[in-house]
Amino acid sequence: DNQYNPYFIKLAALTVSANCMALAPSDILFWICWSINGILLSTLMAHKNQWQAAKYSGIYTAISLGIGSLFLGIGLLNQDQEFAKYCLLIAAMIQSAIWPLHRWLLSSLNSPTPVSALMHAGIVNGGGILLVKYHSLYIHDPFFMNLVFSLGLITAIMASFWKLIQVDIKKMLANSTM
């Protein structure tokens, strides 16, 4: 692979940006690292640009995570507004591949295996980090808490079922990550 060095530089940068996101002390740094994660992940997924499926997965992921980044930015800029928690929820759902915003994760099966492994092991956890970090916006809202629980439950049940009917190990991994 003549792109060996750039690939591993991007992979290392993704690891660093994910850690920076998790430890970010400010909203702007959190959003910047979140956005960088999406960009790096998308480019890594499309690393083998001669693989049409990987290229499509990278584009689809870039669009999905870009929309998530937009919702995150809107939510962070409007934390004093009621709708901010829903913007943050949409961003978290996209990042964590929660139903019905999970399709980008399933398309990631076409990316190189190290990228899939890092994504399944950590990048999708960004949604959980987001919800924990900004819990003060919604912790006292029973409807919102029930909504988050319900979406998580539906996703867990559906993904568990989907995982059981797969014959490909990468598809099983993708569904178990959901």
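The structure this text deals with has already been given above.
Heads up: these notes are all about the structure in this document. (Residues numbered from 1 in each chain as written. Predicted model: local features only at pLDDT ≥ 70, side-chain atom pairs only at ≥ 80, totals over all residues. Heavy atoms only, no water.)

1. Concerning the side chain of Asn-37
So, point 1. Its location among the elements puts Asn-37 in helix H2 (residues 27-45).
So, point 2. By relative accessible area, Asn-37 is classed as buried at 1%.
So, point 3. Of note is the side chain of Asn-37, whose polar atom sits 3.2 Å from the backbone nitrogen of Ala-18.
So, point 4. Once residues lying within four places of it in the same chain are set aside, the contact partners of Asn-37 are Leu-14, Ser-17, Ala-18 and Met-21. (Helix = DSSP H or I, 4+ residues; strand = E, 2+ residues; numbered from the N terminus. Buried < 20%, exposed > 50% of the residue type's maximum accessible area, 1.4 Å probe, protein only. Polar contact = N/O pair within 3.5 Å; in protein donor to acceptor, adjacent residues only side chain to side chain. Contact = heavy atoms within 4.5 Å.)

2. Here's the deal with the environment of Lys-170
So, point 1. Tracing the backbone shows Lys-170 in helix H9 (residues 169-177).
So, point 2. Sequence separation of Lys-170 and Leu-109 is 61 residues, and the distance between their C-alpha atoms is 6.2 Å.

3. What about the pattern of salt bridges?
So, point 1. Tallied over the full model, the rule gives 2 salt bridges.
So, point 2. A salt bridge links Lys-85 to Glu-82; its shortest N-O distance comes to 2.6 Å.
So, point 3. Taking the shortest distance from any N to any O, the salt bridge between Asp-141 and Lys-85 comes out at 2.3 Å. Highlighted residues: Asp-141 in the loop between helix H7 (126-133) and helix H8 (142-164) and Lys-85 in helix H4 (residues 84-96), separated in sequence by 56 residues.
So, point 4. Bridged by salt links that share partners, the residues Glu-82, Lys-85 and Asp-141 form one connected network. (Salt bridge = Lys/Arg side-chain N within 4 Å of Asp/Glu carboxyl O.)

4. Focus on the environment of Asn-110
So, point 1. One can find Asn-110 in the loop between helix H5 (103-107) and helix H6 (113-121).
So, point 2. Along the chain, Asn-110 and Gly-58 lie 52 residues apart, while their C-alpha atoms are 9.0 Å from each other.
So, point 3. Apart from residues no more than four positions distant in its own chain, Asn-110 is found in contact with Trp-51, Ala-53, Ala-54 and Ser-57.

5. Some thoughts on unusual backbone geometry
So, point 1. In the segment running from Trp-99 into Pro-100, the intervening peptide bond is cis, with an omega of 10°.
So, point 2. Inspection of the secondary structure assignment puts Pro-100 in the loop between H4 and H5.
So, point 3. Even without a glycine there, the phi angle at Ala-97 is positive, about 60°.
So, point 4. Secondary-structure assignment places Ala-97 in the loop between H4 and H5.
So, point 5. In this structure Ala-97 comes out as buried when scored by relative accessible area, which is 0%.

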